[in-house]
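# Examining the three-dimensional arrangement
Spelled out from the first residue to the last, the chains are:
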Amino acid sequence: MNKVRHFRSLLDINKKEFIRIIERSIELKKETAKGVINNSLSGKTMAMIFKKNSTRTRVAFETAMTTMGGHAIFLSSDSTQLSRGEELSDTAKVLSGMVDIIMVRTHDHNEVEELASNSTVPVINGLTEKFHPCQLLADMQTYYEEKGSIEGKKVAWIGDGCNMCNSYINAAKILDFNLNIATPSGFEPDQSTLNLANDNVELCDLPGKAVEDCDLVTTDVWSSMGDEGDAEKRKALFKGYQINKHLFEKSKNDSIFLHCLPAHRGEEVESDVIDGLRSKVWQQAHNRLYTSKALIEFLLKESKD
Ligand code: CP
Ligand code: NVA
């Protein structure tokens, strides 16, 4: 049997592959701007299982498949037999006999592992409570486009130690940048993820300290999907962790701001930062399309070789 390459987290790719995907995303973006037609996914189908909401991830993957000559099927959990108790392992065995690649967004990271271990085609993690690796591809593409290599640079993560923060930790380890993290006590990122990246990550007590001299400043919502029940409590606890002009000014004067979106202005970020000149969030969101194309291409090719 051919080896199957999955993308369950960033740890499924090495540094060379990460950079190759970024460079290919940049190339695909340039080709698209020139009107080059790419039908390399002709006859290919992606199944997209969404157990959580999405705007960018769904549109990016569906558009990536369509514009490269393939097709994507949107499967919401409530409209499939998953909501009536069909097991994920059975679903994986069925889908992988019909489609070429599977993407899944779900509340439980173990479900991505279960799908992957029962699938004969690549499985992409489109976000779990633990990781959001697809978003990091777009974040890193944006950084490379704006400032070049991120190796040795300083990045600040401010706010919740959520799925995005865990994926930033993975990226810091793989691409070798320095990541300062400031979260309220009790909202630190995943310890086992931190343990793999000790040399690249520093936990800071104060957001001002974390942001000092950084090349990239980033954050995410204070309540991720699944944390909504805690939202009011979190607003109070996260109050000092807002990225506003005052905090952003402590970073380098040519630093950039990224946010995976959706954003809540007035909570984790103020409009003077996210709508400011050094915010690259729209470019970052649009790069989801090109990184999705490059990732699909990479996984299909690597699974065939
Ligand atoms: N950033 C991101 O993944 O957005 P969606 O939730 O809209 O897919
Ligand atoms: N941390 C957020 C990311 C959304 C793209 C969430 O999981 O809801």
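Up top is the structure these notes are about.
Here's what I pulled together on the structure shown here. Computed from a prediction, not measured in an experiment: that's the story for all the values here. (Residues numbered from 1 in each chain as written. Chains lettered and ligands numbered in written order. Predicted model: local features only at pLDDT ≥ 70, side-chain atom pairs only at ≥ 80, totals over all residues. Heavy atoms only, no water.)

### A few points about the nonpolar core
Our working rule: What makes a nonpolar core is a set of buried Ala, Val, Leu, Ile, Met, Phe, Trp, Tyr and Cys residues whose side-chain atoms join them at distances within 4.5 Å. For every residue, the accessible area obtained with a 1.4 Å probe (protein chains only) is divided by the maximum for its type, and the residue is called buried under 20%, exposed over 50%, and partly exposed between those limits. By definition, residues are in contact when any of their heavy atoms lie within 4.5 Å.
Residues I124 and Y168 are the most contacted members of the largest nonpolar core, which totals 56 residues. With near-sequence residues (within four places) excluded, Y168 lies in contact with L136, D139, M140, V155, W157, F177, L179, L216, T218 and L258. Ranked by size, the runner-up nonpolar core spans 20 residues in total, among them C204, F248, F257 and V281.

### Regarding the sheet that holds strand β2 (residues 71-76)
Just so we agree on the cut-off: Two strands are counted as paired when DSSP detects at least two bridges linking them. Secondary structure elements follow DSSP: runs of H or I no shorter than four residues count as helices, runs of E no shorter than two count as strands, and numbering proceeds from the N terminus. Throughout, an axis means a line fitted to C-alpha atoms (over the contacting stretch in the case of helices), and angles, computed between N-to-C directions, take values from 0 to 180 degrees.
Judged by pairing direction, the sheet is parallel, and its 4 strands sit side by side in the order β2-β1-β3-β4 without closing on themselves. Across the chains shown, the open sheet's two edge strands, defined by having one partner strand only, are β2 and β4 (123-125). Each strand of the sheet is rotated relative to its neighbour by a mean of 20°, with strand direction disregarded. The pairing of strand β1 (residues 45-50) with β2 spans 6 bridges and is classified as parallel. When the sheet's bridge partners are listed, I49 is paired in β2 with L75. Here helix α2 (residues 56-67) sits on the sheet in contact with β1, β2, β3 (101-105) and β4, set at roughly 170° to β1.

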